[in-house]
Structures are given as C-alpha cells and as structure tokens.
Amino acid sequence: MREFIDGAEAIARGAFAAGCNFFAGYPITPATPILLRMLRELPKTSGVGIQGEDEIASIGMCLGAAMTGAKAMTATSGPGLSLYSENIGLAITGEVPLVIVDVMRLGPATGGATTVSQGDVQFLRWVTSGGFPIIALCPSSIAECYSLTQHAFNLAERFRAPVFIATDKEMMSAQQSVNTDAFEKIEIINRVAAPAGGEFVPYQTKKLADIPAFAPIGGEQLTRLTGSMHDERGMLTKKTSAVNKTSRHLWQKIQAHRDELEFTKLDAQEGAATLVVSYGITARSATEAVRHTRAAGKLASSLIIQSLWPLPKRALRESMRGISRVIVPELNFGQYRQEVERIALSLDPRPEVIGVDRVDGELITPQEIEELFGRG
Amino acid sequence: MQIAPLEITTYRNLERAKYPFCPGCGHTFVLDHLNAALVKLQLDPQKTVIVTDIGCVGMSDQYFDVNAFHGLHGRAITYATGIKLARPELNVVVLMGDGGLGIGGAHLLSAARRNIGITVLVFNNLNFGMTGGEHSVTTPHGGVTASTRGGNLERPLDVCATVSVNGASFVYRGTAFDKELPDRIAEAITTPGFALLDIWELCTAYYVPNNKFSKNELLQTMQTLGLPSGVLQRMDNPELSRAYREQNVGALGRTPLPPEPIEKKYDSALAATTRIVLAGAAGGKVKSTASALALGAMYSGLWATQRDDYPTTVMSGYSVSEVILSRDEILYMGIAKPDILVIITPEGLTQVPRQLRAMDETQTVYVVPELADQIETRARKIIFNFERAAAGKKSLAVMTTAAIVRHADLYPLAAFREAISAGQRADIAVENLKAVDASERIL
Ligand SMILES: Cc1ncc(C[n+]2csc(CCOP(=O)(O)OP(=O)(O)O)c2C)c(N)n1
Ligand code: SF4
Ligand SMILES: [Mg+2]
C-alpha cells in the first residue's frame, strides 16, 4: 500500500503502535505536527494529550504521567530542548521511561525555525548536568520514523530512561510516498513490574547494571521517585557508598548494555577504500552518492547510524577496519565527525576522516559526497 | 464475615519519626496538620501521592507513608498535573515553598486556570530557607533577607488573589498556628478542582532572626498588607482531568491515524527522475497544487516527494513548492538544479535565482509573460500564453501546472484531475478543474 505522508505522521503512528498513551508538548516549528496529531488522536485510545503552558510543564507532565505507568512522549525543537534540560536530568536520575523527539532546526537560540539542521547532535549527548549517558535514535526514512519510534518506547521501558529521537525539519515536514505495508511492527516491551506482595524498594537492583523494577504511583505498592541523590529506597543521601552506587548504577545501566543499543546499517563493498558514515536526512544523500559511485564502476561503502548515542563503537570500528578514508557528511560543524575521528585514532592503519559540513539551511547534495569518493 | 478495614491512625513514616527541620520551623506544624487531615479522610495511601518541590519543604515526602514524587525546584505542580491527568482517581497533594511558587509561577497560574484537581499547600515562610534566607516573591516589603540587606524593595505576591481570579476551586489563607488547618486541608483534598492553601509560617533559622519576627509579627504583617485570611474562594467548576474524558467519550474506540492508501490507476511514461519547482505567491494555491501534482503522480504509479517553503507569516510573500517524481523511491529530496522550474509571480521569482543559475539546456523554465524578460538562464525558456485563457491569480498555479503535466508528459492529465477532486474541498475543486480545462490553450 502506497501512502503520501511525512515523518511526523510516521512517528505518531509508531508511538501508537508502541502503546503511547500520554503526550504533552508546547508548539514549536518544526515539531508542532507531532503535537497536533497526538492531541487529536490520543482520545481515540483513551490516552491523554495536552498542550502545556511551556516546555518545562510539558515534560513535567510527561514525567508525572509516566510514573503512574503511562507510556509518555513529548516533541520539541532546539529552544524547547534547552528548557527540557533540567527535567531530562530528573528522568535520568529518577529512572523514568520517556520518549523525547527533537526535531532539529538551525540554531542557536531561535535560529531558523523552518531551516533544516543536525546541530543538536552533541547537545543531545550532553543535554543535562552531571555527564550521564543517554540513548538517542535517528531515523533516515519514513519507515524508520515508524520503526525507531517503537524501538525508542521499548528502550525507554527496558532501561527506564529518557530516549531521544533525533530528527530534523525535512524528515518531519516533507511529504513522501512510502510503501506502508513494509512498515515494521516491533514487538512491544514493557517495563518490568515489581513482584506483588512485600515491601517494594524503588531503586533496588541486584547488579549495578540492572534496571530496577517498576511500581506505578496508584498501584498495589507504595513507590517513590526522586530527583535528588538517593539510596535504593529513594531517600536523599550523602552517604559515600550509597552515592557511589547510585551514580555508577546510572552509568552502568546504559554502558553495560551498549551492544543492545547499537542500531546501524552497514553496506560494505569488498575492497572499498572509502566509507561514508552518515545519519538522518544526510544518510539519504550518502546512499545516493554510494549508488552513483558504484554505478560509475568505483568501490564505495556506507555505514548509516540509527543510534547516535551511545556511540555505536563496535559497528564504527568494524566498518572502518581496512578503510583509508572516511567521509562524514553532516548539517553542522562536524559534531559526529569528531567521534569518528576518535575511533579512527585507535585503528592501524589509521583512516583519514573528512567531513562535508553544511550550515546554510540546504541539504547536502549527493554530488558533494560523491566528489570525495571520486578523489579516493 | 466481613472484616472492617483497620483505621489508619497516622500517615507518618514511623521509621522517620523526627522531621529534619530546625527547632521551631513552621514546616513541622504544617506537616502535622497534613497528617491529621489525611487521618481524618482515611485516604487509601496507595491512591495518594505527595508531590514535593525543592527547599526544606522538599524533604517532607520522606516522612509519610504514601506515594511520593520529589522533582525539581518550582515544577511540582507540573508533575502533579501529569499524575492527575493520567489517573484522575488519585489524591494528589503538592507541598511547595514560597520559593517554588516564584520560580514556578507560570505553572501555578495554569493549574488554577485549568482547574486541575490537585491540592497545593504553600509552606510560606517568606523566604528561601534551604539556600540561606534569600528573599522570595512573598517576602514583605521592607523584609530583611540575605539578598535584601537594606530591606525588600519588591511588592509581595498575593498568591490567593492570583489563583482566585484565575479560577481556583478552593482557596484558603492562614498560618501554621491555625487550629482549623486539618479541616481546611481535608476540605481542599476533597475539592474536585484546584485547591490552594497559602500557609504562613516561621523560618526560625533566617526570617525570624533577620526581622525579629514571631507569631505575632506574622499575623500583624498579614494585616498590614491587607491580605484576608480564612476560606477565600469556593467554586464548583469542571475539573480538567474529568472534563477531558467527558469531552472525548465520542472518540473512544476509533482507530488512531488510519492508513490512507493511494491506488495506482493510471500509467506514466516518465522515464527519468524529474525535479519540479513551483515558484509563486502565498495565497496562490501553490502548495495545494503541488500536492495535487504529487498525488496525481502516485495515481500513475510514480514515487513522489513534496517540500514546501514559505515565510512564517503564511498569508503573505512567496510560496515555493518542490515536487520530485520518480520511478523509484526518492532519497535526496533537495532540488539544487530543477528539471522544470515554473515561475508564476514576482514573489516566486525572488526565491529562485540560484536554481536559474544552475539550470542548463536540458532543463526548462516555464514563465508567465510579465516576468519573461527578467529571466536569465541557460535553460530552455517557455512562456505561457494567456491570450486565449485569461488566468485569475487564484487559478494561475493550477492552470500552469496542468499545462506542464501535459506538455512535459509527466503522466495522464486525468490523474491530475482526479487528484484535485480527491484532495480538495468540493467547491474549490470545481474552480480548479475549470482551470485545468482552460490550461490546454496556454502552451
Ligand atoms: C533550578 C534551581 N534553582 C535554584 C535551586 C536552589 N534552591 C534550592 S531550594 C531553593 C529555595 C527554596 O525556598 P522555598 O521554596 O521557599 O523552600 P524553603 O526552603 O523555604 O522550605 C533554591 C533557590 C534549585 N534547587 N534549582
Ligand atoms: S532553614 Fe528555615 S525553612 Fe529550613 S528548616 Fe530551618 S527554619 Fe525551616
Ligand atoms: Mg520558603
């Protein structure tokens, strides 16, 4: 079945497929289409959708709802993400499942409201104080808007953590014909429920890297959430051993599962010396460039990153082995390129890493990438 | 035999019998009143949640055996709102200081306006206790604090009046010394809508020594400021979480975002991917025409993309739409070098100098006669001829696009017509179909 839809529609459909039943957001171009769809559609599935008085309230409402067991999502763009920052920290430390869509537009500040960008890549990585890991997925097609949104909900549930969908103005607002029969329905994962009976200890885990079981506010057991440094009972603490444990748990619960969090698409060509590493809207130009290059009888490989964070180190390292040149096209000043460079440093022979940076509000053309293949 | 449920004699966490506050701190008294109110109501602890703000008051939830949500400074009301919206049957009680009130003022206003069914207890000790006695939005004029050494120059916020005029269901002002406080807290919790209690109390570590304050001065200040006490408002308006559900009963059970399939009904002879730019003016149906162009292509078995660009003030200035048609899925959606560029108004012309420069002999610019002289390009230039079919401003985009569908042999014109009928309001479609009829004579 062919349909003519945009990424906002696919993200909203993905959210419903994943069981989303709460949405709060504040209008901002280019994320508004997601807000409007969710507000319009949620009542059909007895969910709740509301426009908050600002972004802080919107994410706050999501956090409250999520702690009652809801699967919550919010969507914004750079200026709103800035306002989310402190509450994202609360979601991390309070271990609240939440999906946050960042529809990137040209920044900083108000920037270009209707201008495409990939300028939030490192902002997402370090989006709040403290320096803890986050999870961010990045679709490069309408079909991936649908599938990765479901994965985002599943990961939020599985890891009790905020999960980002990093996308951009073009992905959200350009209409495209798609074969929606080929949309991938992902099996739903729900947060692990606390065993019935007995006293519930909200943040108790056997191992540092384990994810604590969840008891909803309003359920059978009393539960607590706190944004303060806490012990396993969710009580404020300054005790070194408890602080150390909680901090390391928040780090380990993501870092120890990095392999589960690597989503990439490798299209390697035997003998190719040049690899293009790309993500999001830019991956589409990269894919076209690879096709043209191969059609011209030259060799080319491609790695598309679907999970920006944690950095998919294994896939990057493996795809770059034996490669002499890596091209990283991005709609920013090389934010991901610096990560790729770090990996390159650990390889012998060390590949040269070159970027194609565009910050003028236009998409990178396949030709811009192709030229660099040609030089190889 | 039915066993009567045991009466709950306290909601305090008995492992934490002693509060962490300074001796004489007003928070102690208010929390005891809260406990008394909960005991009076015999609320199910599982169905009750205390949402605390930050500050000394923010530690309070740890001393109760109910659910707890301890979030960020000033944001307690937002979490409480989310909890109540998701689970209207829960009792949601917010404990916040006058500091939280100030930083989260926007949330307070909205909670009152929305009449969300939560109860807010403001532990109003006239300053920031936790951070060392700085002034807050409720510090009286002249009040000496760590941040107003020469006396506060700002006017204190009348919290009760603020939420009252904005629609709160229950509003009370009093002090931590009030005997009736347990009853008033109980009444607030049982109020279906938004309830707020502004409870004045002493910060014995800071405000008291800085201002030689005591219970008497506290009452005196309230009087001097002309702030009334007691129950200040009782209103019976619809509560948000329930009103939301009532409004939406009709929607229940319908499928969210159902698919909208587009069937292939025609054949297109188009071989190469074709990138088309329509450059016109806002209000000139550029965007809807581009949609019809794309939809018609899909009826003809092609793949399509559409990007629209217009100023944020949607009703004035330029409107440029880009449509790509292809036999295969389209990846790169930009158009640096159009195969077809259609220029129909001066506003549109201003937006496409880069494309005009990039285009070559294999590509075509279609242009209205008035602008033809202004076009400098290597591309083939084709000028519309309106002598036999005058086009009004409104039909310009449709008429020229229809002419190009035929002229460039993109796909059958019948598919374009069908796209107009399917995608547009009936009366508008009729107008547009007339323009399609007339399009035959302009190229
Ligand atoms: C965003 C943010 N800014 C500042 C602070 C520092 N801070 C902690 S408590 C507090 C004021 C608390 O005053 P109040 O709400 O009146 O509570 P009290 O201590 O008097 O009970 C401030 C400013 C913070 N925690 N978060
Ligand atoms: S600093 Fe003030 S508010 Fe905080 S505990 Fe002491 S007296 Fe109470
Ligand atoms: Mg205070």
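What you see is a predicted model, and the numbers here were worked out from it, not measured in a lab. Counting starts from 1 at the beginning of each chain's written sequence and moves along it residue by residue. Chain letters start at A and ligand numbers start at 1, both assigned in the order the entries are written. Selection of residues for local features in this predicted model requires a pLDDT of at least 70, selection of side-chain atom pairs for listing and counting requires 80 or more, and totals for whole chains, interfaces and linings are taken over all residues. Excluding hydrogens and water, the side-chain figures rest on all heavy atoms present in the structure.

### Quick notes on the overall build of chain A
- The secondary structure content of chain A amounts to 12 helices and 16 strands.
- The C-alpha atoms of chain A give a radius of gyration of 21 Å, which matches the 21 Å a tight globule of 376 residues would have.
- In terms of overall dimensions, chain A has C-alpha extents of about 65 × 45 × 40 Å along its principal axes.
- Residues counted as buried form 66% of the 376 residues belonging to chain A.
- The protein chains shown are the only cover counted for residues, whose accessible areas, like all others here, come from Shrake-Rupley with a 1.4 Å probe. As displayed, chain A offers around 13,100 Å² of accessible surface, 51% of which is attributable to carbon and sulfur atoms. Helix numbers and strand numbers start at the N terminus; a helix is a DSSP run of H or I with at least 4 residues, a strand a run of E with at least 2. Note on method: radius of gyration uses C-alpha positions; expected globular size equals 2.2 Å times residues raised to 0.38. Categorising residues by exposure relies on relative accessible area from a 1.4 Å probe, with only protein chains included: less than 20% of the type maximum marks a residue as buried, more than 50% marks it as exposed, and the intermediate range marks it as partly exposed.

### A short note on helix α9 (residues 281–295) of chain A
- One fewer than the residue count of a helix, multiplied by 1.5 Å, yields its expected span. Across its 15 residues, α9 of chain A extends 22 Å between first and last C-alpha, which sits within 8% of the 21 Å expected from 1.5 Å per residue.
- The set of residues buried in α9 of chain A consists of I281, T282, A283, R284, S285, A286, E288, A289, V290 and T293 of chain A.

### Looking at the site of ligand 2
- Definition of nearness: a residue and a molecule or strand are near each other if at least one heavy atom of the residue lies within 4 Å of the molecule or strand. Around ligand 2 sit F21, C22, C25, H27, C56, N125, G129, C203, T204, A205 and Y206 of chain B, and that is every residue in its neighbourhood.
- Each residue is assigned to one of three groups, with Ala, Val, Leu, Ile, Met, Phe, Trp, Tyr, Cys and Pro labelled nonpolar, Asp, Glu, Lys and Arg labelled charged, and all others, Gly among them, labelled polar. Class assignment for the residues of the shell around ligand 2 results in seven nonpolar, four polar and no charged.

### Section: the packing of aromatic side chains
Residue and element names in this part refer to chain A.
- For Phe, Tyr and Trp, where Trp contributes only its six-membered ring, two rings pair if their centres lie within 6.5 Å, and the inter-plane angle classes them as stacked under 30 degrees, edge-to-face over 60, or tilted in between. Counted according to the given criterion, the structure contains 10 aromatic pairs over all chains.
- With a centroid separation of 5.5 Å and 65 degrees between ring planes, the pair formed by W309 and Y336 is classed as edge-to-face. Of the two residues, W309 sits in strand β14 (residues 307–309) while Y336 sits in the loop between β15 (325–330) and α11 (337–345), which places them 27 residues apart along the sequence. Exposure class is identical for W309 and Y336. Each is buried.
- Members of the aromatic cluster, joined through ring pairs, are Y279, W309 and Y336.
- Only when the NZ atom of a Lys or the CZ atom of an Arg is both within 6 Å of the ring centre and within 35 degrees of the ring normal do we say a charge sits over the ring. Seen from the ring of F159, R158 lies directly overhead, with NZ or CZ sitting 4.5 Å from the centre.

### Notes on the sheet that holds β15 of chain A
Residue and element names in this part refer to chain A.
- Pairing is mixed across the open sheet formed by five strands, whose spatial order is β11-β13-β12-β15-β16. The open sheet terminates on both sides in strands that have one partner only, identified here as β11 (264–267) and β16 (352–357). Direction aside, neighbouring strands of the sheet carry axes that sit 20 degrees apart on average.
- A strand pair is defined by DSSP finding two or more bridges across the two strands. Two strands pair when backbone bridges link them, and β15 and β16 are joined in this way by six bridges, in the parallel orientation. Paired with I327 across the bridge in β16 is I354.
- Those strands touched by helix α10 (residues 313–320) are β11, β12 (274–279), β13 (301–305) and β15, and its axis lies near 175 degrees from that of β13. Structural elements are reduced to axes, namely lines fitted to C-alpha atoms, with helices fitted over the stretch in contact, and the angle between N-to-C directions of any two is expressed from 0 to 180 degrees. Here, two residues are considered to be in contact whenever any of their heavy atoms come within 4.5 Å of each other.

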